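Okay, here's what each chain looks like letter by letter:
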Amino acid sequence: MVEVSPVRPPAMPSTRRQHEQYKRMLDAAEELAMTRELDHVQMHDVAKHANVAIGTLYRYFPTKRHLFVSALVRESERLVGRIPVSPDGKETAADRVGEALVR
């Protein structure tokens, strides 16, 4: 049986420059994912598109799965921020989510 070592936890950006790099990496991943299948998006392509070193990309996203899950989480947070609150309380949360998805 082959043992696989666990993936180290991703680093989190702490400085303004690191936050900017982090955002660029997520932006690059999203842009590349819109133009090709995820299986064909390579980490070095994301690093090049984001203008960061490949080591920087792996520092924050140890695997491609980490990268794209982070991109999905960010997009989900954006979506939640766009869901209006029902002023009269008559709409259900599902109604509001459906309306936001249609928009």
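Residues numbered from 1 in each chain as written. Predicted model: local features only at pLDDT ≥ 70, side-chain atom pairs only at ≥ 80, totals over all residues. Heavy atoms only, no water.

Colleague: I'm lost on the overall build of the protein in this one. Help?
Modeller: Within the protein, the secondary structure is distributed over five helices and zero strands. Sorting the 103 residues of the protein into buried and exposed places 28% on the buried side. Carbon and sulfur atoms form 58% of the exposed surface of the protein, whose accessible area is close to 7500 Å². (Helix = DSSP H or I, 4+ residues; strand = E, 2+ residues; numbered from the N terminus. Buried < 20%, exposed > 50% of the residue type's maximum accessible area, 1.4 Å probe, protein only. Areas by Shrake-Rupley, 256 points an atom, 1.4 Å probe, with all protein chains shown as cover.)

Colleague: Sorry if this is basic, but what is going on with the nonpolar core here?
Modeller: Soluble globular proteins: nonpolar side chains tend toward being buried together. Membership of the largest hydrophobic core comes to 18 residues, with the highest contact counts inside it found for Tyr 22, Met 25, Leu 26, Val 46, Leu 57, Phe 61 and Leu 67. Put simply, the parts of the chain that give this core at least two residues each are α1 (16-35), α2 (43-50), α3 (54-60) and α4 (64-82). If you tally residues by element for this core, the top one is α1, at six residues. In this view, Leu 57 contacts Met 25, Met 43, Val 46, Ala 47 and Leu 67; residues no more than four positions away in its chain are not counted. (Core = buried A, V, L, I, M, F, W, Y, C linked by side-chain atoms within 4.5 Å. Contact = heavy atoms within 4.5 Å.)

Colleague: I'm lost on the packing of aromatic side chains in this one. Help?
Modeller: A ring pair, where both rings are aromatic, is described by two values, the distance of the centres and the angle of the planes. This structure, assessed with the given rule, holds two aromatic pairs. On the numbers, 5.1 Å between centres and 25 degrees between planes, the contact of Tyr 22 with Phe 61 is stacked. Of this pair, Tyr 22 sits in helix α1 while Phe 61 sits in the loop between α3 and α4; the two residues are 39 residues apart in sequence, bridging distant segments of the chain. The exposure class assigned to Tyr 22 is buried, which follows from its relative accessible area of 18%. Given the relative accessible area of 1%, Phe 61 is considered buried. An aromatic cluster of three or more residues is present, and its members are Tyr 22, Tyr 60 and Phe 61. (Phe/Tyr/Trp six-rings, centres within 6.5 Å; stacked < 30°, edge-to-face > 60°.)

Colleague: What's the story with the packing of α1 against α4 in this structure? I'm lost.
Modeller: To characterise two packed helices, one gives the angle between the axes of the helices and the distance between these axes. The contact between α1 and α4 brings their axes to 10 Å, and the two run at 95 degrees. With respect to their mutual orientation, α1 and α4 come out roughly perpendicular. Facing α1, whose interface residues are Tyr 22, Lys 23, Met 25, Leu 26, Asp 27, Ala 29, Glu 30 and Ala 33, α4 presents Leu 67, Phe 68, Ser 70, Ala 71, Arg 74, Glu 75 and Arg 78. (Axes fitted to C-alpha atoms, helices over the stretch in contact; angles between N-to-C directions. Parallel < 35°, antiparallel > 145°, perpendicular 65-115°, else oblique.)

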